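Here's the letter readout for the chains.
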Amino acid sequence: ANTMEKTGGSRKKGLKRKSAAEEPQEAAVGEDGATESGGEAPKASAFPPGFSISEIKNKQRRHLMFTRWKQQQRKEKLAAKKKLKKEREALGDKAPPKPIPKTIDNQRVYDETTVDPNDEEVAYDEATDEFASYFNRQTSPKILITTSDRPHGRTVRLCEQLSTVIPNSHVYYRRGLALKRIIPQCISRDFTDLIVINEDRKTPNGLILSHLPNGPTAHFKMSSVRLRKEIKRRGKDPTEHVPEIILNNFTTRLGHSVGRMFASLFPHNPQFIGRQVATFHNQRDYIFFRFHRYIFKSEKKVGIQELGPRFTLKLRSLQKGTFDSKYGEYEWVHKPREMDTSRRKFHL
Amino acid sequence: MRMARHGGAELKAVNPGSWSVKYKDPEVIWDTLGNKQFCSFKIRTKTQGFCRNEYSLTGLCNRSSCPLANSQYATIKEEKGQCFLYMKVIERAAFPRRLWERVRLHKNYEKALEQIDENLIYWPRFIRHKCKQRFTKITQYLIRIRKLTLKRQRKLVPLSKKVERREKRREEKALIAAQLDNAIEKELLERLKQDTYGDIYNFPIHAFDKALEQQEAGSDSSDAEEQEDEDDEEDMDKLDASSDEDEGEKSSSEEEEKALDAKHKGKTPLKGTLRRKRAYVEIEYEQETEPVAKAKTT
C-alpha cells in the first residue's frame, strides 16, 4: 500500500484518474472493489461513499487531489457552457431568453414597508406630515448650514460649496453654541432647515439634517467627501440657478420620508435654463450625492459634467422632533448587530 | 495639643518606600532615601524631581516637602468634591494605616481657610502656606468642573474597526452597482420625454415621432416614408424647416454631407443644410471660376 501511494504521488497530475480511484480505495481498505475499480478507472468517480477529499490526512496529497478535482470541475463547467451556447445558436430565435444574473439588488429581501405608488394611506400620511407645507407651496426653504465646534479647513470649504449648491442657504460659524439654543433662534428667523456637518480629525464625517419647525431630524454618516478641486474633469462653478433634483431608489416608507427631507431643501421651481441637477441616489442604503450640469446633445443623448462637491451618506437615525439626543423620540435607529446581518436586506 | 517638633531624635518613621531598615530620624531618611538611595515615590527628570506620594503637599521632591522625611506634615486632599486636611501624627508611625489624621473642611472657602489655620496653628509657615495654596487650587478646579458639566460635552463614540471596514467595502460595491452616470442620464432623458422641460429643447425627431403617432391613427405609408427619410438626415433644425427646403435638400444634401465628411475644412455647405446647435457663424466663400474658363479658351 505504501509503495502504491508513493508512486501515485509522484505521477503527474494530468495522468491519473486511475490512481485517484485507487488511492482512496487503498486508504479505505475496500479490498473487494479494488480490482474492479482498477479496471474501470476512467469512468470511476467511484470513490467509496462518504469519502471526501478533506479526510485525507497528508497535506500534499490532499492538495494534489483537490487541485485535480478543481480542474475537473472547471473543465466540466466549460463543457457545459459550450454545449449551452451551441444549443442556443442552434435554436436561434426560438432559444429561451438568457437567464438574468443574480445581483444583490435583484435578490433583495422584500421589505414590507415598500411604498406602493397608489397607496392611499401613504398619500394621506404625506399630505399631513411636516413636509406638507413645503409640498403645498406654502413655505419656501431657507437653510442654515453650520459645523461642529472648531471646524478645520476641509469642513469649512465643504460648507461653502454646499451653500452654493443649495440655493437660499446661509453658512454660520458655530462658536461653541449649543444646538438647543440655536434652534429656537433659527425658528424665529424663519429658517426651515438646519444642516450641521460634524467633523472628526479634520474631515467631515457626519451630517445632521433637521427640519425646523419641529420637523424630523436625520443623522447621517458622511463618507467619501470630495471637494470641488478634487473632482476630475469637472465643469465650472455652479451658477445661481435653482437646480433640479433627482431622487432615485427611495422605495420604503423610511426611504420616502428621507427622500422628502432632501426634496424640501430645494426651492420648488427649478430653473431649467441653468441645466443643473442635484442627485440623491440610494443604492443599498448608501445615498450618493452628486451635482451635475447637463446638456442634451440630441434626442437620445445627454452629456453630464460633474460640478460641485460629492459625498455619500448612510442614515444612522431618524428622530421625530428637532435635534435632541437625550430625550428625543427615535423613529428609526441603525443597529449594526441586528440590521447588518443579512447582505440582502436594506432599509431605505 | 500639638507641639512644635523638629526632626527629633526619638521619632521613628517606617518608610513604606524602602525595604528592610527602620530609620529613626527624618534627617536620616532624607539623607538616604530622598537624596542618595532609591525612593520608590521619586521620579526624576533632567531638571527636577517629583514625588509621587499621594500625601505629598507640593508634588516636588524636596527636603521640606517630602512626606516621609518630615515628622510634622500636612496635606489637603480632595475626594468627590469634598476637601480634607490630612495631618501626620508621628506618634503613630508604627501604624501606617492610622498615621494620617483627617479633618473635613468647610464648603465655604473662607471658613475652610480659617479651619486650616486653626488646625495648623503653631505649625511651620511653609506647611501652612502650602496647604492654603493647595486648597485654593483644588477649589478652583472644582468650580471649573462644575461649570464644564453644565456646558456641552463632546461625546466620543467608539468605532468598531471591523464595522467600519465592512461599511467602506459595501459602499464601494454599492457605488459600482449604482452606475450613477447612467442612472442620471436615463432620468434626464425620461424627463425630456415626459415634456417637463417644455419648449426649451426642440428636437424635431421627437416632434416627428409624436406626429407619427398621431397620424398613425389614420395614416398612409407614404407619409411614414417621407418622414423616415427626413429622420435619416438627422437634422437638428428648428421645427420651422419648410417642406420646400426639405425637398430641395434631399438631392444635394447627401452629396454635401459626404463632401463635408471628407473635407473638414471651412468650406461650408449651402446655407441651411447642416446647422449646428451651438452658436455658429456661417462663412460663405465665393469661388472664382472665371480665370480657369479663360485659360481653357485660350
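Shown above is the structure to which this text applies.
Bear in mind the structure is a predicted one, so any value in this text is a computation, not a measurement.

1. Structural notes on the overall build of chain A
- Counting secondary structure elements, chain A contains 10 helices and 10 strands.
- With 348 residues in all, chain A has 40% of them scored as buried.
- The long-range share in chain A, meaning contacts at least 24 apart out of those at least 6 apart in sequence, stands at 63%.
- Entry remark: accessible area of chain A is about 21,000 Å², with carbon and sulfur atoms responsible for 51%.

2. Concerning the pattern of salt bridges
- Considering all chains together, one arrives at 20 salt bridges over all chains under this definition.
- Of the charged contacts in the structure, one is a salt bridge between E244 of chain A and R191 of chain B, with a shortest N-O distance of 3.1 Å. Placement of the pair is E244 of chain A in strand β6 (residues 244-248) and R191 of chain B in helix α5 (residues 180-193), with the two residues belonging to separate chains.
- A relative accessible area of 19% places R191 of chain B in the buried class.
- Among the ionic pairs, K77 of chain B bridges to E54 of chain B, the shortest N-O distance being 3.0 Å. Placement of K77 of chain B in strand β3 (residues 74-79) and of E54 of chain B in the loop between β2 (49-51) and β3 is noted, with a sequence separation of 23 residues between them.
- Residues joined by salt bridges that share partners form a network here, namely K221 and K314 of chain A together with E164 and E167 of chain B.

3. Remarks on the packing of aromatic side chains
- Scanning the entire structure with this criterion turns up 17 aromatic pairs over all chains.
- Summarising the aromatic geometry, the rings of F280 of chain A and F289 of chain A are spaced 5.1 Å apart at their centres and angled 50 degrees between planes, so their arrangement reads as tilted.
- Take F289 of chain A: its relative accessible area is 2%, and that puts it in the buried class.
- Between F289 of chain A and F311 of chain A, the aromatic rings sit 4.8 Å apart at their centres with planes inclined by 20 degrees, giving stacked as the arrangement. Of this pair, F289 of chain A sits in strand β8 (residues 286-296) while F311 of chain A sits in strand β9 (residues 302-319), placing them 22 residues apart in sequence. Both residues of the pair, F289 of chain A and F311 of chain A, belong to the buried class.
- The ring of Y286 of chain A has K314 of chain A sitting right over it, with the charged end atom 5.5 Å from the ring centre.
- The lysine or arginine in question, R102 of chain B, covers the ring of F84 of chain B, its NZ or CZ lying 4.0 Å from the ring centre.

4. Let's talk about helix α7 (residues 153-165) of chain A
- Under the 1.5 Å per step criterion, the end-to-end length of α7 of chain A is 18 Å for 13 residues, consistent within 8% with the ideal 18 Å.
- Listed as buried for α7 of chain A are T155, L158, C159, Q161, L162 and V165 of chain A.

5. Describing the pairing of strand β3 (residues 193-200) of chain A
- Of all eight residues in β3 of chain A, six are buried; the element is thus mostly enclosed.
- Following β3 of chain A, the chain reverses through two residues before pairing antiparallel with strand β4 (residues 203-211) of chain A; R201 of chain A in that reversal takes a positive phi of roughly 55 degrees.

6. A few points about the environment of K107 of chain B
- Structurally, K107 of chain B is set in the loop between β5 (100-104) and α2 (109-119).
- Along the sequence, K107 of chain B and Q82 of chain B sit 25 residues apart, while their C-alpha atoms lie 7.6 Å from each other.

7. Structural notes on the state of the cysteines
Residue and element names in this part refer to chain B.
- For the coordinates displayed, the defined rule picks out zero disulfides over all chains.
- Lacking any disulfide linkage, C61 is separated from the closest cysteine sulfur, that of C51, by 5.6 Å.
- With relative accessibility at 15%, the residue C61 sits in the buried group.

8. Re the sheet that holds β5 of chain B
Residues and elements named next belong to chain B.
- Taken in spatial order, the three strands line up as β3-β4-β5 in an open sheet, and their pairing is antiparallel. One side of each edge strand has no neighbouring strand; the edge strands of this open sheet are β3 and β5. For this sheet the average axis-to-axis angle between neighbouring strands, irrespective of direction, equals 30 degrees.
- Pairing of β3 with strand β4 (residues 82-88), which is carried by six bridges, proceeds in the antiparallel orientation. Bridge assignment links T75 to a residue of β4, and that residue is Y86.
- Most of the contacts of α2 go to β4, to which it runs at about 10 degrees, and overall it touches β3, β4 and β5.

9. What to know about empty space enclosed by the protein
- What the rule picks out here adds up to four cavities of 30 Å³ or more.
- At the level of elements, β4 and β9 of chain A are the ones that each hand at least two residues to the lining of the largest cavity.

10. A few points about the side chain of S223 of chain A
- In this structure, S223 of chain A sits in strand β5 (residues 217-226).
- In terms of polar contacts, S223 of chain A uses its side chain to reach the side chain of E171 of chain B, at 2.8 Å.
- Residues in contact with S223 of chain A, not counting those within four places in the same chain, are F311 and T312 of chain A together with E171 of chain B.

11. Focus on unusual backbone geometry
Residue and element names in this part refer to chain A.
- With phi around 60 degrees, N168 is a residue other than glycine that occupies positive phi space.
- Mapped onto the secondary structure, N168 falls in the loop between α7 and β2 (169-171).
- Of the residues examined, N168 reaches a relative accessible area of 40% and is grouped as partly exposed.
- A positive phi angle, close to 50 degrees, is found at S224, a residue other than glycine.

12. As for a nonpolar patch on the surface
Residues and elements named next belong to chain B.
- Residues V281, I283 and Y285 make up a contiguous nonpolar surface patch of roughly 340 Å² in combined accessible area.
- Here I283 is to be found in the loop between α8 (243-262) and α9 (290-297).
- Classification of I283 by relative accessible area gives partly exposed; the value is 43%.

13. Focus: helix α4 (residues 161-178) of chain B
- The end-to-end C-alpha distance of α4 of chain B is 25 Å, a good match for the 26 Å that 18 residues give at a rise of 1.5 Å each.
- Burial in α4 of chain B covers these residues: V163, E167, E171, A174 and A178 of chain B. Considered in projection along α4 of chain B, the buried side chains sweep an arc of 75 degrees and stay on one side of the axis. Opposite the packed face of α4 of chain B, turned more than 90 degrees from it, sit the exposed residues K161, K162, R165, K168 and I176 of chain B.
- Buried residues along α4 of chain B sit in contact with β5, β7 (276-283), β8 and β9 of chain A together with α5 of chain B.
- Immediately downstream of α4 of chain B, the backbone of Q179 of chain B shows phi near 50 degrees, a positive value.

14. Quick notes on the side chain of T32 of chain B
- As for its placement among the helices and strands, T32 of chain B is situated in helix α1 (residues 26-36).
- Here the side chain of T32 of chain B touches I29 of chain B through a polar contact of 3.2 Å, landing on its backbone oxygen.

15. What to know about the packing of helix α5 (residues 120-128) of chain A against helix α9 (residues 253-263) of chain A
All names here are of chain A.
- Their axes nearest at 12 Å, the elements α5 and α9 cross at an angle of 30 degrees. In this view, α5 runs roughly parallel relative to α9, as classed from their interaxial angle. Taken as a pair, α5 and α9 cross one another with a handedness that is right-handed. Residues E121, V122, D125 and E126 of α5 pack against R253, H256 and R260 of α9.
- When grouped by side-chain class, the residues that make up the contact of α5 with α9 number one nonpolar, one polar and five charged.

Thresholds applied
- Residues numbered from 1 in each chain as written.
- Chains lettered and ligands numbered in written order.
- Predicted model: local features only at pLDDT ≥ 70, side-chain atom pairs only at ≥ 80, totals over all residues.
- Heavy atoms only, no water.
- Helix = DSSP H or I, 4+ residues; strand = E, 2+ residues; numbered from the N terminus.
- Buried < 20%, exposed > 50% of the residue type's maximum accessible area, 1.4 Å probe, protein only.
- Contact = heavy atoms within 4.5 Å.
- Areas by Shrake-Rupley, 256 points an atom, 1.4 Å probe, with all protein chains shown as cover.
- Salt bridge = Lys/Arg side-chain N within 4 Å of Asp/Glu carboxyl O.
- Phe/Tyr/Trp six-rings, centres within 6.5 Å; stacked < 30°, edge-to-face > 60°.
- Lys NZ or Arg CZ within 6 Å of the ring centre and 35° of its normal.
- Expected span 1.5 Å × (residues − 1).
- Pairing = 2+ DSSP bridges.
- Disulfide = S-S within 2.5 Å.
- Axes fitted to C-alpha atoms, helices over the stretch in contact; angles between N-to-C directions.
- 1 Å grid on protein atoms, 1.4 Å probe; cavity = no way out; pocket = protein on both sides within 12 Å on 5 of 7 lines; lining within 4 Å.
- Points joined across faces, edges and corners; volume = space filled by probe spheres on them.
- Polar contact = N/O pair within 3.5 Å; in protein donor to acceptor, adjacent residues only side chain to side chain.
- Patch = residues over 30% accessible without salt bridge, like charges linked within 9 Å, V, L, I, M, F, W, Y side chains within 5 Å.
- Arc of directions from axis to C-beta.
- Parallel < 35°, antiparallel > 145°, perpendicular 65-115°, else oblique.
- Left-handed = near helix turned anticlockwise from the far one by under 90°.
- Nonpolar A, V, L, I, M, F, W, Y, C, P; charged D, E, K, R; others polar.

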